[in-house]
Amino acid sequence: MTTPPTPQAPSQRQAPAPQHSPQTAPAGPYTSPIPVRRATLGDAIASEWTKIRSVRSTMWTLGVMIVLLLGIGLLATLAVNTVDSDLGSTPVLSLGFFGVLLGSICVITLGVMTIASEYGTGMIRTTLTACPSRARVLGAKAIVFFLLTFVITTVTTALVAVMQTAFIESAAPSGGDWLRATVGVGLYTATLGLLALAVGALIRHSAGAITIMIGVVLLPLVLAMFMFAESLSDLRLALFQYSIPSQLSALYSTSVADSGPSGWDSLWIMLGVTAVAMICAFVTLDRRDV
Amino acid sequence: MIEAVGLTKRYGAKTAVSNLSFQVRPGTVTGFLGPNGSGKSTTMRMILGLDQPTSGHVTIGGHPFRSLPNAPRQVGALLDAKAVHGGRSARNHLLSLAQLAGIPAARVDEVLGVVGLQDVARKRSKGFSLGMGQRLGIAAALLGDPQVLLFDEPVNGLDPEGILWVRNLMKMLASEGRTVFVSSHLMSEMALTADHLIVIGRGQLLADMNVKEFISANSADFARVRVADGLAERREKLTTSLTEAGGRVMSEPDGALRVTGLPLPRISEVAHESDVRLWELSPHQASLEEAYMRMTQSVVDYRSTADQKAGLQQPAAHGHGQPGYEPPQPPVPQVPQQNWYAPPPPGQNPSAAAPAGPAAATADLTKRDTSEDAR
């Protein structure tokens, strides 16, 4: 088949030719003048710190948590003082419990958002292109989030505890009580947040993961309240004892149930559960398509 | 150098990418073309280790992406311009990526300058336009000054100035000896940017060749002939004469004829001999766009149909209201059916070699009338 010979055809054919002309053959593969340095976990932690401090949701959730802890702690102190009631055997530090329980919802939200927001925005693909090691990304997120929430919760609960012991007359708490009500509660809350982070990595959807975590915190207690049947009494007791609010109050030596975890037991239980969840999160992050 | 071998990805029953093997070499811009949903992005994600191939493998410089010793310094990618946390400023976004990859923070301001976002570096990326988002994504890809670059639809949403900039950037990056792999569904853009083309459709490799080879292998020149007054019987007459003279004639939707196989002067002579006046006799070369459309038309997943609004019109509207109103006729489609395209070049076209007798001519005509593929 012949081509209509025309004056235009050659010009049309040649027009794009300069664009396609082979580039001056490069001497070899490109090497960057910027010195190459192997990225480490430390780099990933710095990156996650930049990420967590540069979004407003972090400021909001942590701000609300601090306000809740301080506000409810202050209200509880005022309430006890105005009615001048006798706390009886209730330890004075346990007044911080309600604030921490509400504040833990903020920690859960932040924990979920730390990873699920990356899935929501698609940022996770950029992140995993910049760092193909899933373990390093997940580890850095966990470390940064855990330290941040631990420090903030511990400092705030300590402030509340100081305020309450100063204004309410009761038996002075022991050193162990102090440690559990501040560092213990801080560790427990941060670990609960870490569990939320793991759930966020598994569910990959912010709202879904937050709902699940709030269910995990509240549902056992609510369910137990409605288990009237005698045959379920063992289950009911277990739900009471091992529900998260009950475990939290055990750190204040005021368990909802009389038996069950006491002292530091709650923290070990939570650490165990969170470790399992984090392993699941890592395995799925490693295996699943992003 | 990117090398894919037998790459296959299935999502349940749907096969997104099927047995794809290709190489992307350094020093050139390689265009990755295919209609929407043909598996371009899936392939890109598999190259970056984000999706696991169902079978086959893909390596960059001999290693799978996830086991590259220093991945972000060797490979940079723009996958999705919107894959950014909207609440974070452009600078913080890039800073976090630089820190993750162990790249000095000073490089962040450098790439912000390269993509021209320095003035909005501290603005939250939520307010960015699509074009600014693309620039931010390109900045992220350039951050590690990598040897291999992947861009998925980099010119989407860019203004003409931005498109020109991306085009020159790609060429510049390739001329430095980098491997540049750019996906697009815009053939016209790739014609200006790429040196080499990899074309896929429905997840399968359709072509893997030089741009110039691609054009010559997939297009042919033709002459457009328009008969005076567009009279049907004269057109028929000319068609018969041209076919007898050894040409191949196809109708275009507006009444013009596409003639191949005859030089322009010969067409003029034939028209003169059969006493048909011409209004147009013009040379055309099938564009890369057309070659690409012809290649991929059978594998387009999402094809639009005319919006007929059937059953939704109110029958009473004809009675009153607008007496002179006629419902708009569906426009002649700009993307023609198969036999409007220029035929493939000699050698690929079995009917081109066939002797063009009167019988063949009538057969050709009837076939054309039923708008079947004469080839």
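Note that the structure is a prediction, hence the values are computed from the model and not measured.

*Asks:* Run through the environment of Ser133 of chain A, naming residues and quoting values.
*Replies:* Mapped onto the elements of the fold, Ser133 of chain A is located in the loop between α6 (123–130) and α7 (134–167). Counting along the chain gives 92 residues from Ser133 of chain A to Leu41 of chain A, while the straight-line C-alpha distance between them is 9.9 Å.

*Asks:* Hey, could you go over the sheet that holds strand β9 (residues 204–210) of chain B for me, with residue numbers and the actual values?
*Replies:* Residue and element names in this part refer to chain B. With mixed pairing, six strands are arranged side by side in an open sheet as β5-β6-β7-β3-β8-β9. Edge positions in the sheet fall to β5 (75–78) and β9, since each has one partner strand and no second. On average, each strand axis in the sheet is tilted by 15° relative to the strand beside it, whichever way the strands run. Of the strand pairs in this sheet, strand β8 (residues 196–201) and β9 are connected by six bridges, and their pairing is antiparallel. Residue pairing for β9: Val199 is matched across the bridge by Ala207.

*Asks:* Before we move on, can you summarise helix α4 (residues 106–115) of chain B with the specific residues and values?
*Replies:* Residues and elements named next belong to chain B. Within the sequence span of α4, burial applies to Arg107, Val108, Val111, Leu112 and Val115. With its buried residues spanning 140° around the axis, α4 presents them on a single face. Count one or two residues on from α4 and you reach Gly116, which has phi positive near 75°.

*Asks:* Describe the side chain of Arg91 of chain B, naming the residues involved and giving the relevant values.
*Replies:* All names here are of chain B. Considering the arrangement of structural elements, one finds Arg91 in helix α3 (residues 90–101). For Arg91, a relative accessible area of 16% corresponds to the buried category. Residue contacts for Arg91: discarding those within four places in its chain leaves Ala105, Val108, Asp109, Leu112, Ala121 and Arg122.

*Asks:* Could you give an account of the pairing of strand β10 (residues 221–227) of chain B, naming the residues involved and the relevant values?
*Replies:* All names here are of chain B. A large share of β10 lies buried, amounting to six of its seven residues. Bridge count between β10 and strand β13 (residues 278–285): seven bridges; the pairing is antiparallel. Its bridge partner lying in β13, Arg224 is registered against Ser282. Relative to strand β12 (residues 257–260), β10 runs antiparallel, the two sharing three bridges. Note on β12: the bridge partner recorded for Val225 is Leu257.

*Asks:* Give a detailed account of the interface of chain B and chain A, specifying residues and quantitative values.
*Replies:* Many authors give the size of an interface as the accessible area that is lost as the parts come together. On the side of chain A, 53 residues touch chain B, which itself brings 67 residues to the contact. Buried area between chain B and chain A, both sides added, is near 5,300 Å², and the carbon and sulfur share of it is 55%. Ranking the residues of chain B by area buried against chain A places Leu50, Arg66 and Leu100 of chain B at the top, with a combined share of 13%. Joining chain B to chain A, the criterion identifies two salt bridges. Among the ionic pairs, Asp286 of chain A bridges to Arg66 of chain B, the shortest N-O distance being 2.4 Å. Taken together, the links from chain B to chain A amount to 19 residue pairs in polar contact (both at pLDDT 80 or more). At the level of elements, β1 (2–11), α2 (71–74), α3, α6 (160–175), α7 (187–193), α8 (211–218), β10 and β13 of chain B are the ones that each hand at least two residues to the side of chain B that touches chain A. Of the residues belonging to the side of chain B that touches chain A, the class tally is 30 nonpolar, 19 polar and 18 charged.

Cut-offs applied
- Residues numbered from 1 in each chain as written.
- Chains lettered and ligands numbered in written order.
- Predicted model: local features only at pLDDT ≥ 70, side-chain atom pairs only at ≥ 80, totals over all residues.
- Heavy atoms only, no water.
- Helix = DSSP H or I, 4+ residues; strand = E, 2+ residues; numbered from the N terminus.
- Pairing = 2+ DSSP bridges.
- Axes fitted to C-alpha atoms, helices over the stretch in contact; angles between N-to-C directions.
- Buried < 20%, exposed > 50% of the residue type's maximum accessible area, 1.4 Å probe, protein only.
- Arc of directions from axis to C-beta.
- Contact = heavy atoms within 4.5 Å.
- Buried area = accessible area lost by both parts, 1.4 Å probe.
- Salt bridge = Lys/Arg side-chain N within 4 Å of Asp/Glu carboxyl O.
- Polar contact = N/O pair within 3.5 Å; in protein donor to acceptor, adjacent residues only side chain to side chain.
- Nonpolar A, V, L, I, M, F, W, Y, C, P; charged D, E, K, R; others polar.

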